[in-house]
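# Architecture at a glance
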Amino acid sequence: MGSGEPNPAGKKKKYLKAALYVGDLDPDVTEDMLYKKFRPAGPLRFTRICRDPETRSPLGYGYVNFRFPADAEWALNTMNFDLINGKPFRLMWSQPDDRLRKSGVGNIFIKNLDKSIDNRALFYLFSAFGNILSCKVVCDDNGSKGYAYVHFDSLAAANRAIWHMNGVRLNNRQVYVGRFKFPEERAAEVRTRDRATFTNVFVKNFGDEVDDEKLKEIFSEYGPTESVKVIRDASGKSKGFGFVRYETHEAAQKAVLDLHGKSIDGKALYVGRAQKKIERLAELRRRFERLKVKEKSRPPGVPVYIKNLDETIDDEKLREEFSSFGSISRAKVMVEVGQGKGFGVVCFSSFEEATKAVGEMNGRMVGSKPLHVTLGQARRRW
C-alpha cells in the first residue's frame, strides 16, 4: 500500500475507539432518543438499540458511535449514569475484541452490598483504584440483589481494590471483595469440597408406585435419614425423582455406591450426590457447549422428534420403524443409565419425507405405546 493511500486498519481502529456501549436502557428507548441524548457531546456516526433477532424486542443495551474519540471520551466521563426515560444508563467503551472480558483478568466480585448502593455509587467507590472498563450491581424487579462486578483494565488495579476494600464496612455492612471466578471454577471448588462432606442424595428414574415411605424404606438401610421427599407436580403425580438427606456423610456415600444402577420395579435407579445450583448451571453450560460441537458435525437434514417411546425401542429399531418414509441420516434414542428415556430423533433428507413421517407415525402404536411425533426445524449448511 502506498503512503498516500488511506489505511483501512487504522481507520477501523480509530472508529472503534469512538464507540460507546450504553447499558441498562429502558425498553422504550429508541435510536432517535439515544441520538438526541448524545448529540450535544459531539458529531455522531449513528446510534443502535440491540434487539432480539426473532421478536425484535429491545435487549436493554445499545451503542453510540461518535465521529471523534475525544467526544466519546468526554461523554464517558461526564454522562455516565445520566437519565434517559427516567432510568440511569451505564456507559463503557465498546469492546469488539472480547478476549479481555472472557479472560476474567482484572475482574472482581463484590457481595453483601447494601441495597442503597447503585451503579453510580459503585463506580465512584472503586474508580480510585484504577481505570474501570465496566461495573454493574446485579438487580431484579425488587432492586439490588446485594452483589456486583467491577472490571478493571489491569490485574494490578483489581488487586489494589481487593486489598483495600475486602472486609470494609459500607453503609454498616461488611463487604466481601475478591477475584472474579468463572462458574466452572466455582463449581469445581464446590464439587471438590462437597464430595468429602455431602449428606444429600439425589434419586431419579423410579415409578409412580414409589412414594416417600417406599423411598425411605429403600434408603434407610444405609443409615438414619433427616428427610426423604418424592417431588410431585401440581396435580400430585410423582415426577420420578426425589431427595434423601442422611445424618452422616458415610451413610450417604454408601447409599450412592450401593444403589446407583440398582433395578427397582424394572427401572434402573440413578443415585448420586445432590449437586449445588452452581454445579448444575456449570453442567448445563458444558452440555450446551458439547451440543454445539455435535451440531456442527451433525449431517444436515430435517429432524423429526419422537416422544413416548417404548422401553424396548433402540436406535436400530427406531430407524427401522421410520425407514419407509425416506432417506435417514440419523436415528437416535436418548438413553440414561443404559435405559431409554422415552424420546428420540430421526433426521430425514427432505422436508417432504419428514412431513410424511409425522403424518403417518403420530399416534401410531409402536410396542406398547402410541407415539407422539412432531416436526423439527431443518438444519442447513451454508
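Residues numbered from 1 in each chain as written. Predicted model: local features only at pLDDT ≥ 70, side-chain atom pairs only at ≥ 80, totals over all residues. Heavy atoms only, no water.

Check the secondary structure of the protein chain and you find 12 helices and 24 strands. With 382 residues in all, the protein chain has 37% of them scored as buried. Expressed as a percentage of contacts within the protein chain between residues at least 6 apart in sequence, the contacts between residues at least 24 apart total 62%. Surface summary for the protein chain: the accessible area is close to 22,600 Å², and the carbon and sulfur share equals 51%. (Helix = DSSP H or I, 4+ residues; strand = E, 2+ residues; numbered from the N terminus. Buried < 20%, exposed > 50% of the residue type's maximum accessible area, 1.4 Å probe, protein only. Contact = heavy atoms within 4.5 Å. Areas by Shrake-Rupley, 256 points an atom, 1.4 Å probe, with all protein chains shown as cover.)

The subject of this paragraph is the packing of aromatic side chains. Counted under the stated rule, the structure contains 16 aromatic pairs. Pairing Tyr-147 with Tyr-149 gives two aromatic rings, centres 6.2 Å apart and planes at 90°, and the pair type is edge-to-face. Residue class for Tyr-147 comes out partly exposed when judged on its relative accessible area of 24%. Between Tyr-149 and Phe-180, the aromatic rings sit 5.8 Å apart at their centres with planes inclined by 75°, giving edge-to-face as the arrangement. (Phe/Tyr/Trp six-rings, centres within 6.5 Å; stacked < 30°, edge-to-face > 60°.)

Turning our eyes to something else, we now look at the environment of Val-29. Examined against the element boundaries, Val-29 turns out to sit in the loop between β1 (19-23) and α2 (31-38). Taking relative accessible area as the criterion, Val-29 reaches 2% and is therefore assigned buried. With 56 residues separating them in the primary sequence, Val-29 and Asn-85 have C-alpha atoms 7.0 Å apart. Those residues in contact with Val-29 that sit more than four places away from it in its chain are Leu-34, Ile-49, Ile-84 and Asn-85.

On to unusual backbone geometry, then. One non-glycine residue, Asn-85, lies in positive phi territory at about 60°. You can see Asn-85 is positioned in the loop between β4 (83-84) and β5 (87-88). Positive phi, close to 65°, is recorded for Asn-112, a residue that is not glycine. When you line up the elements, Asn-112 lands in the loop between β7 (107-111) and α5 (119-126). Judged by its relative accessible area of 32%, Asn-112 falls in the partly exposed class.

If you trace the four strands from one edge of the open sheet to the other, you get β14-β15-β13-β18, paired in antiparallel fashion. Each end of this open sheet is capped by a strand with a single partner; those strands are β14 (225-232) and β18 (270-273). Mean inter-strand twist for the sheet, computed between neighbouring axes without regard to direction, equals 20°. Bridging between strand β13 (residues 200-204) and strand β15 (residues 238-246) involves five bridges; their strand directions are antiparallel. Paired with Val-203 across the bridge in β15 is Gly-242. On top of the sheet, helix α9 (residues 249-259) reaches β13, β15 and β18; it is set at about 150° to β18, its chief contact. (Pairing = 2+ DSSP bridges. Axes fitted to C-alpha atoms, helices over the stretch in contact; angles between N-to-C directions.)

Among all positions in helix α12 (residues 351-361), only Glu-353, Ala-354, Ala-357, Val-358 and Met-361 are buried. Axial view of α12: buried residues confined to an arc of 135°, hence all on one face. Looking at α12, the residues exposed on the side facing more than 90 degrees away from the buried face are Glu-352 and Gly-359. Gly-363 occupies a position one or two residues after α12 and carries a positive phi of about 90°. (Arc of directions from axis to C-beta.)

Before going further, it helps to examine the sheet that holds strand β9 (residues 143-152). Pairing within the open sheet is antiparallel, and its four strands lie in the order β8-β9-β7-β12. A single partner strand is all that each edge strand has here, and the edge strands are β8 (132-140) and β12 (176-179). For this sheet, the mean angle separating the axes of adjacent strands, direction not counted, is 20°. Bridge count for β7 against β12 is four bridges, and the pairing is antiparallel. Paired with Lys-111 across the strands is Tyr-176, a residue of β12. Set on the sheet, α5 makes contact with β7, β8, β9 and β12; between it and β8 the angle comes to about 145°. Against the sheet, helix α6 (residues 155-165) makes contact with β7, β9 and β12, and its axis sits at roughly 150° relative to β12, the strand it touches most.

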